[in-house]
Amino acid sequence: MATTPTSTARAASTSRSGSTSRWRGIAFVGVLAVALVVAPLVSSPYVNYQLSSIAVFAVAILGLNIVMGYTGQVSLGQSAFLGLGAYIAAYGILHGWPGPLTLLLCAVVPAVVGMLVALAAARLRGLALAMITLALPIVGVPLARRFDDFTGGSQGQVVSWLRAPESTGLANDQWRYYVVVLIAVVAFVLARNLVRGRIGRSFAIVKENEAVALSMGVSPYRTKVLAFTIASLLGGVSGFMYLAIVQYTSPETLVFATSINLVAAMVIGGSASIIGTALGAVYYVLVPVLAGQVNSSRTALISGAVLLAVLFLLPAGLVSLPRRLARLRSSTRRPHPSAPPTTSDEATHRASAPSATTDQHS
Amino acid sequence: MSYFIQVVVDGLSNGAIYAAIALAIVLVYRATGLINFAQGGMAVTATFVAYALTQAGVPVLLALVAAVVLGFALGALLERGVMRHFEGGDPDTAVVATIALLVVLSGLSAFFFGYEPHPFPSLFPNRTIGVLGVFVSLRSIGTITVLIVVMVALQLLFRSTKLGLAMRAVADNPQSSALSGLPVSRLLMIGWGLAAALGAIAGVLVAPQLFISPGMLDFVLVYALASAILGGLDSPVGAVVAAAFIGVVENLAGAYLDFIGDDLKIAVPFIAVIVILVVRPQGLFGRKVTVRV
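This report concerns the structure included in the present document. Note that the structure is predicted; figures quoted are calculated from it, not measured.

Looking only at helices and strands, one finds 15 helices and two strands in chain A. The buried share of chain A, reckoned over its 362 residues, is 44%. By sequence separation, contacts in chain A at least 24 residues apart represent 75% of the contacts at least 6 residues apart. Per element, the accessible surface of chain A, about 17500 Å² overall, is 68% carbon and sulfur.

Glancing now at the side chain of Asn-251 of chain B. Residue and element names in this part refer to chain B. Note that Asn-251 resides in helix α10 (residues 236–256). By relative accessible area, Asn-251 is classed as buried at 13%. Excluding residues within four positions of it along the chain, Asn-251 makes contact with Val-7, Asp-10, Gly-11, Asn-14 and Lys-265.

Another point: the environment of Gly-114 of chain A. All names here are of chain A. Mapped onto the elements, Gly-114 comes out in helix α4 (residues 99–121). Here Gly-114 falls in the buried class, since its relative accessible area comes to 1%. If we skip the residues at most four places from it in the chain, Gly-114 touches Phe-81 and Ser-232.

Each partner contributes residues to the interface: chain B has 44 residues there, and chain A has 38 residues. Together, the buried faces of chain B and chain A total about 3700 Å²; carbon and sulfur atoms form 79% of this surface. Summed over the three residues of chain B that lose the most area to chain A, namely Val-96, Leu-264 and Val-278 of chain B, the buried surface amounts to 13% of that side. At the boundary of chain B with chain A, the tally comes to zero salt bridges. At the boundary of chain B and chain A, one finds three residue pairs in polar contact (both at pLDDT 80 or more). Elements that contribute at least two residues to the side of chain B that touches chain A include exactly α4 (91–113), α9 (218–231), α11 (261–264) and α12 (267–279) of chain B. When residues of the side of chain B that touches chain A are assigned to their parent elements, the largest contribution, 13 residues, is made by α4 of chain B. Of the residues contributing to the side of chain B that touches chain A, the split by class is 36 nonpolar, six polar and two charged.

Okay, the nonpolar core next. Of all hydrophobic cores here, the largest spans 174 residues; its most connected members are Ile-66, Leu-134, Met-241 and Leu-311 of chain A together with Ile-21, Phe-37 and Phe-270 of chain B. For Ile-66 of chain A, the contacting residues outside a window of four places in its chain are Thr-71, Ala-191, Leu-194, Val-195, Phe-203, Ala-227, Ile-230 and Leu-234 of chain A.

A word on a nonpolar patch on the surface. Residue and element names in this part refer to chain A. Taken together, the side chains of Trp-97, Leu-101, Leu-104, Val-108, Val-112, Met-115, Leu-116, Leu-119 and Tyr-221 make up a nonpolar region of the molecular surface, amounting to roughly 750 Å² of accessible area. The element best represented in the nonpolar patch is α4, accounting for seven residues. Among the structural elements, Leu-116 can be located in helix α4.

The α-helix advances 3.6 residues per turn, and as a result positions three or four apart in sequence lie on the same side. Residues and elements named next belong to chain B. Between its first and last C-alpha atoms helix α3 (residues 60–81) spans 30 Å; for 22 residues at 1.5 Å apiece the expected length is 32 Å, and the two agree. Among the residues of α3, Val-60, Ala-63, Leu-64, Ala-67, Gly-71, Leu-74, Gly-75, Ala-76, Leu-78 and Glu-79 are the ones counted as buried. Buried residues in α3 make contact with α2 (39–55), α4 and α8 (184–210).

Quick notes on the rules
Residues numbered from 1 in each chain as written. Chains lettered and ligands numbered in written order. Predicted model: local features only at pLDDT ≥ 70, side-chain atom pairs only at ≥ 80, totals over all residues. Heavy atoms only, no water. Helix = DSSP H or I, 4+ residues; strand = E, 2+ residues; numbered from the N terminus. Buried < 20%, exposed > 50% of the residue type's maximum accessible area, 1.4 Å probe, protein only. Contact = heavy atoms within 4.5 Å. Areas by Shrake-Rupley, 256 points an atom, 1.4 Å probe, with all protein chains shown as cover. Buried area = accessible area lost by both parts, 1.4 Å probe. Salt bridge = Lys/Arg side-chain N within 4 Å of Asp/Glu carboxyl O. Polar contact = N/O pair within 3.5 Å; in protein donor to acceptor, adjacent residues only side chain to side chain. Nonpolar A, V, L, I, M, F, W, Y, C, P; charged D, E, K, R; others polar. Core = buried A, V, L, I, M, F, W, Y, C linked by side-chain atoms within 4.5 Å. Patch = residues over 30% accessible without salt bridge, like charges linked within 9 Å, V, L, I, M, F, W, Y side chains within 5 Å. Expected span 1.5 Å × (residues − 1).

Right under this line is the structure:
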């Protein structure tokens, strides 16, 4: 079939917008980098603490997004790995282990635990999997209370570490901010490369259809175990970061409610999206704070209402906001869009919707 | 021996509460394919209605009836007003919407009644009776009896009424049901309404023991989820058996295994559930789903 003029024009415009969006992307990264470096120098310790919290939970949500958003495997247990990482970090610090070794253990031990759980759980799908991951924080909290030699029991562990070195001239909150943001940036860059590469494609095909994955030589079982392991690793790392800024951990760190809120934040930010992960973390940290400032006794009510409102307006998450706005603008500019530029976009949406349902039934 | 029976009966009465919420979860799952995290929130909201009525001097039984009716209305309303919007979309988004409902509902309860727990009058007299040399609380027996009645009623509804048949048809295949002229959306509303009404019963039964507060059922919800999944999400009988199993195992482990004790007893049923699921992924009573390519 001959190429119609419209499609050529569209192709040209795509390539043009492709290169502009590339430059825009680079500019965006540049501005973001400057903002990340400058922010703590001009903010109050309170703001720095909130910004650092965003970095912490961004890494936890990143792990969740890899297993749930990218690979399509429900996980209701991410808080268990966050808590495990925080406890390992506390133990290491109280026993005087060097920081980098502690960080390494905070990554490796949860990853091994996650892998062992996944080796059994990855045979299951859907709700059985949800059940097993749900059991992790439920069993983890009483375990943390019981093994108080290691965890400090219900009182938890208070640590005092990661003071800013004299030579830097930074305050503690600024120094901790730089440490956790550095870890978060490294985690995000690695995760971005991971999901865009061969492994990311195998995640996507396992999410889409396991039988097809198998026929392409991708083992769904191994892929799922890998996704879980990475998610647990990132959960453990976020636990290390959590301890770095909060300086305290207790069984409360790993409660089931945290897992649920992390899942909500992931979907709010944008499933299977790196930028969405960061937006989800911003949401996770800021909405309760802002709701508390509006009315401290109505925090839950306001956060719930905001959550519901975002779901209503942006079912694909905050990351879809620019696209949504663009569509709104184009529809107001042209009252009768005979050939809206978003058609292909909608088509992919429709194509992916039924596959999501099949996924759920299988 | 008598101590053993007492522990088992207490476990069964806990299990009855888990079972009521688990049944509600199964009901919604069968109708919409969703795990409804708002189940606990709906139940607590309805229970607070009963609480407000008893505070106003209404007898508990009447308050229970009012809570069940209002719970039904609330469930139907939430399905129509909120969940309808997410049907047919990404299931993850729909599940998070139920989480949002949970947060909003407990926020609302806290708005009117605060977060601190209030005492709640019991439907059954707070006495124990001796049966065959064993002392069992009337509350336990009453809870178990009510649950059995509810279960039989549900079974009758689904097996021997036209409404139940229609609901099963919608759960099985919404498209075909719609084509055969069934009012699918209205049936979904009824499904949510029934689930919320069931939650109201569970809430009123458990409130005297737990004291009523917005977070009263958070923990029960977790047990109920475990029961529903262990029993196989499409099997009401399975959910009840699993809930009884979880309640009894938890109580026995807490009572007899010294190193487990009261704090770790929750771990025992969950570890049992994990082992069972790894061996039998579809749950105890669930049908095995064959995946077609």
